[in-house]
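Tertiary structure, described
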Amino acid sequence: MADRRTRDPQTLVWSDDNAVMKTIQATHGLDDFTFKIRPLLLVIEDIMSLTAHKRDDIQDIRDKRTGFLNEIDLGDISMQEKLVLEINNISWEILSNCGDGENMHKTVLDVFNALSSFFWAGKAVIALAAFAVNYGEFWLVKQLQSTNPVAQSLAFLEQLQPEMEQKLMFQNMDKLIKAVLNLTKCICESVDVQSNNYLKPDLPELKSMMAKIPEYTYWIIRSIVTCQTQLSNLNAYDYTSSSIEALNVSILVDKVTGFSDSMRTQLDLCYQQAEENRNVDVYGKLKKLLEVTSNKDNVMILKALISDQEEMPLYDGHTNTQVRIEDLGNKMVLLYLSELKQSCSLELSVLSEMYLTTGQKPKDYEIVWIPVIEEKSLANPEKKKLFKEVQNTMPWLSLRDLSLLDPAVVKYIKDDWQFQRRSMIKVVDQQGRVNKNHDAMHMIFVWGCLAEPFSRKKEKDLWEKENWSVDLLLNNIETSAIEWAREGKFICLYGGEDTVWIQNFTTVVSDIFQQSQVPIMTLYLGTNNTNAIVEPKKYSDVILDPMKIKLFWARLESIRQSRVQIGVLPESDDEIIKEVFKMLSFGCSKRGWAIISKGSNEMAKGMGDIMLKALSEYDQWKGNVELKGFVTALEEYMGTIGTSYFCNRFIVPKTKNGLPEKMDCFECRREMRMSVRFTCCGD
C-alpha cells in the first residue's frame, strides 16, 4: 500500500485501516522475549521529564533523585545486556529511516518486524526506550552547549532551527510524548489486569480493551517515528513544512490522547469489577470463618478483620509503638467500631476510664479501634488527617493506617454486625469466637470495668444483681449521691430547661425539708439535649459537668439496649425497662421532671408541673407522712391531682428488637404515636 509523504497532513488518514492492522499483526511472533516492563518505563519517564526542564533546574533535580537508578531492577546482567542490545537496534532502526520523512509506514513496519518476538506491551516500551535514547542525547547537547565545548561544536554541526521555531516544535512534541507515555503506561497496566485472579477472561470490558492493544501499539510507534523525523530534520529551514509537521503532530496528539482516555476508562471498569469480585470473595470467606465456633486462638480471626499482610498493622496509643496481631493471641479483644468523627468524646471518656482504671493497660484484654468508613473516603486527605487526630486521643490500639481498612470487612461489619452509624463493641475471645448479636458497649456504659469479661453471660449475671434504684441510675455518675442514698437519706434528682420551673421547684423542696429539719441532696440532671442545659449552681447541691449529664442520659439508653440484648422484650412487664422508658421520656421534656427518693429504692417521680403542684400543696397531705412515709404520701397525692398538662414523648435510636410495637403515654395512658425523626450524626 502506497504511503503518503509525512509532510502532508492527510498522511494520518488511511484508506484501509483493517489492512494496516492485519499487516501489523502479521509481524507478531511468539511472545518469547519477556522482561520487567515497569522498571524500564520508569527510566524512560525519567529521561522525558528531565529533558523538559531548564538547565537551571538540573542541579536541584539531581539532588532529589540521588540513588534513583540504583533502585531500578531490570533483571540479571544477561537480561540487561539483551535489553540494551534490542534498544540500540531499534534506536538505530528509527534513526536511520527518519532522515527525510519519506516512507513513514515502511519505517513503522520495520520497527514492528524488529520487535516481533516481544509481547505487545514490550514492543511499545522498547520502542519508546529507543526513542528516549535519541531524544535524551539530543537534549544533553542542547542543555550543555553554553558551557561544554564538545556540546557547542555538536550544536554548531547540527545547525538547529531558530529559537522561536524550535520552541513551537518542542511544545507540540512534548504534548505528543506525554500522550504516548500515558497510553504506554495504560498498556503496561493491562498486563497486570490480565493476570488479576478476580477478573474473568471473558469480561466484555477486558476483551474489548485487549483487542485494541495492537492498534494502540501501532500508533505509539508511529508517533515515535514522527517525533524522531522532526528531530532528524532540525537543520531544515522550511517553515511551511514545519507548520504542516506541527499539524500532523497536533492530529497525533488528539488521536493518542483519545486512545489513552478510552483505555483508562476501560482499565477503571476492569479495576472496579475486580475490586467488586474480590470484596465478594473476601466477604464470603470472612463470613464463613467467623461462623466457626472453635479455633486454636483468635489470631486468624483478627488477621482476617484487620490485616493478614502487614507484619505490624496496629498502633498502640499508650506506648506510641507498632504492634503485631500475634501479640493479642492470648487476650480478649474488644473491637471498637465507630464512624470517623471528632465528636466521640463521651465514648472515649468512658472507655478510657475503664481501660486505664488502674493507671496501667489491662492485662487480660485489649481494645482495638476500627473506624467504619466507605472505601471512597479512604484516600481523602481530610479523612486521613481526622483519622490521625482521633487516633492520637486513644490510649488503646488502632489500625496503624487508614489504608489498611478492607472494604469487605466494612461490608461485613455493616451487614452482619448491623452497624448503623452508632458506635459498638464486638468482643473476640481467646478462641476467636464472636457473638454477632452482642454489643458490649452498653454493658461498659452501665458498669464500666465491672463488665469484664464483656460476655453475654456476664451481662446476664450483672442484671441478676440489679433492680431499679438510685444506685443503677447514678452508677459512674456521682458517687457522693449514691453514698447519700445508701444511708437512707433523701435525694432529689430533677431536670428540664425551664428556669422558672427549676427555681420554683427547688425553692419549694428546700422549704419543705428545712421545715421538717430533714437533710436532702438535690442534683440537677438536665435533659438529653445537652445543648439546652441550664446553669444549676443556684439550685443544686451537687454540680455535674455537662459531660457527666450527657453520660447520665447515654447510660439510660444503654440500660434499655442492654436489657433488650439479654432477651427482655420492650413490651414486657419488666420494671427496669418500663422505668427506663419513662426516664427517657423525661429526658425529652423541656418543662421539667423530678424524682424524690428516700434511700436507693423508694422513689416518687413525675412530670414537673404535677410534682410542683403536689409539693406546693404539701399542707394538704403532710398528715400522711408520719404514717406512710414522705415518698409514699407524695406519690399517692400526685395520683389524686390527675395527669400532667404535658404528655410524654421520647426519642430513642432505631434498633432491631429495641422498641415495643406499641406504648401508652405515662401520663394520659393513651396509645402513643410512633414517628420517624432524622438527626445529624453529630447530634
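Note: the structure precedes this text.
This section reports on the structure supplied with the text. (Residues numbered from 1 in each chain as written. Predicted model: local features only at pLDDT ≥ 70, side-chain atom pairs only at ≥ 80, totals over all residues. Heavy atoms only, no water.)

**Some points on the nonpolar core**
Formed by 134 residues in total, the largest nonpolar core has its most connected members in L474, L615 and F630. Broken down by element, the residue count for this core peaks at 8 residues, all from helix α20 (residues 546–565). Judged by nonpolar contacts, the second largest core, of 71 residues, contains L41, A132, I224 and V249. (Core = buried A, V, L, I, M, F, W, Y, C linked by side-chain atoms within 4.5 Å. Buried < 20%, exposed > 50% of the residue type's maximum accessible area, 1.4 Å probe, protein only. Helix = DSSP H or I, 4+ residues; strand = E, 2+ residues; numbered from the N terminus.)

**Structural notes on helix α24 (residues 630–641)**
Here α24 contains 12 residues, and its C-alpha end-to-end distance of 17 Å stays within 8% of the 16 Å for a straight helix at 1.5 Å per residue. Of the residues flanking the end of α24, it is G642, one or two places downstream, whose phi is positive at about 110 degrees. (Expected span 1.5 Å × (residues − 1).)

**Thoughts on the environment of Q228**
On the secondary structure map, Q228 appears in helix α9 (residues 204–232). Each C-alpha atom, one on Q228 and one on L95, is 6.9 Å from the other, the two residues being 133 residues apart in sequence. Within the local environment of Q228, its side chain forms a polar contact with the side chain of N134, the two groups lying 3.1 Å apart. (Polar contact = N/O pair within 3.5 Å; in protein donor to acceptor, adjacent residues only side chain to side chain.)

**A short note on the pattern of salt bridges**
Inspection of the entire model under this criterion finds 28 salt bridges. Here E579 and K605 are joined by a salt bridge, their closest N and O atoms 3.3 Å apart. One end of the pair, E579, is in helix α21 (residues 575–587); the other, K605, is in strand β10 (residues 602–607), and 26 residues separate them in sequence. For E579, a relative accessible area of 16% corresponds to the buried category. Close ionic contact of E617 with K613 constitutes a salt bridge, the shortest N to O distance being 2.8 Å. (Salt bridge = Lys/Arg side-chain N within 4 Å of Asp/Glu carboxyl O.)

**A closer look at the sheet that holds strand β6 (residues 424–428)**
If you walk across this open sheet you meet the 6 strands as β2-β1-β5-β4-β3-β6, and the pairing is mixed. Pairing within the sheet leaves two strands with one partner each, and these edge strands are β2 (321–323) and β6. Going from strand to strand, the sheet's axes swing by 30 degrees on average, the running direction of each strand aside. As defined by bridge partners, strand β1 (residues 314–316) adjoins strand β5 (residues 397–399) across 3 bridges and the pair is classed as antiparallel. Each bridged residue has a counterpart across the sheet, and for Y315 the counterpart in β5 is S398. The strands touched by helix α12 (residues 345–355) within the sheet are β3 (332–338), β4 (365–371) and β6, with β4 carrying the most contacts at an inclination of about 160 degrees. (Pairing = 2+ DSSP bridges. Axes fitted to C-alpha atoms, helices over the stretch in contact; angles between N-to-C directions. Contact = heavy atoms within 4.5 Å.)

**Observations regarding the environment of I87**
Inspection of the secondary structure assignment puts I87 in helix α4 (residues 77–97). Among the residues examined, I87 registers a relative accessible area of 11% and is labelled buried. For the pair I87 and L128, spaced 41 residues apart in sequence, the C-alpha separation works out to 8.9 Å.

**Some thoughts on the sheet that holds strand β8 (residues 520–524)**
A sheet is described by the order of its strands in space; here 4 strands give the open sequence β8-β7-β9-β10, paired in mixed fashion. At either margin of the open sheet sits one strand with a lone partner, and together these are β8 and β10. Taking the axes of each pair of neighbouring strands and ignoring which way they run, one obtains an average angle of 15 degrees across the sheet. Sheet topology note: the strand β7 (residues 490–495)/β8 ladder contains 5 bridges and is parallel. Following the sheet pairing, C492 is matched in β8 by T522. Helix α22 (residues 608–616) contacts β9 (593–598) and β10 of the sheet and is inclined by roughly 115 degrees relative to β10.

**Considerations on the packing of aromatic side chains**
Taken as a whole, this structure holds 25 aromatic pairs when the rule is applied. Here the aromatic cluster, defined as three or more aromatic residues joined through ring pairs, consists of F490, F513, Y618, W621, F630 and Y637. Positioned above the aromatic ring of W463, the side-chain terminus of R563 is 4.7 Å from the ring centre. (Phe/Tyr/Trp six-rings, centres within 6.5 Å; stacked < 30°, edge-to-face > 60°. Lys NZ or Arg CZ within 6 Å of the ring centre and 35° of its normal.)

**Thoughts on the environment of R278**
Relative to the helices and strands, R278 resides in helix α10 (residues 239–290). Since its relative accessible area comes to 22%, R278 is described here as partly exposed. Along the backbone, R278 and N197 are 81 residues apart, and their C-alpha atoms lie at a distance of 8.7 Å. Those residues in contact with R278, other than ones at most four positions away along the chain, are Y198, D406 and A408.

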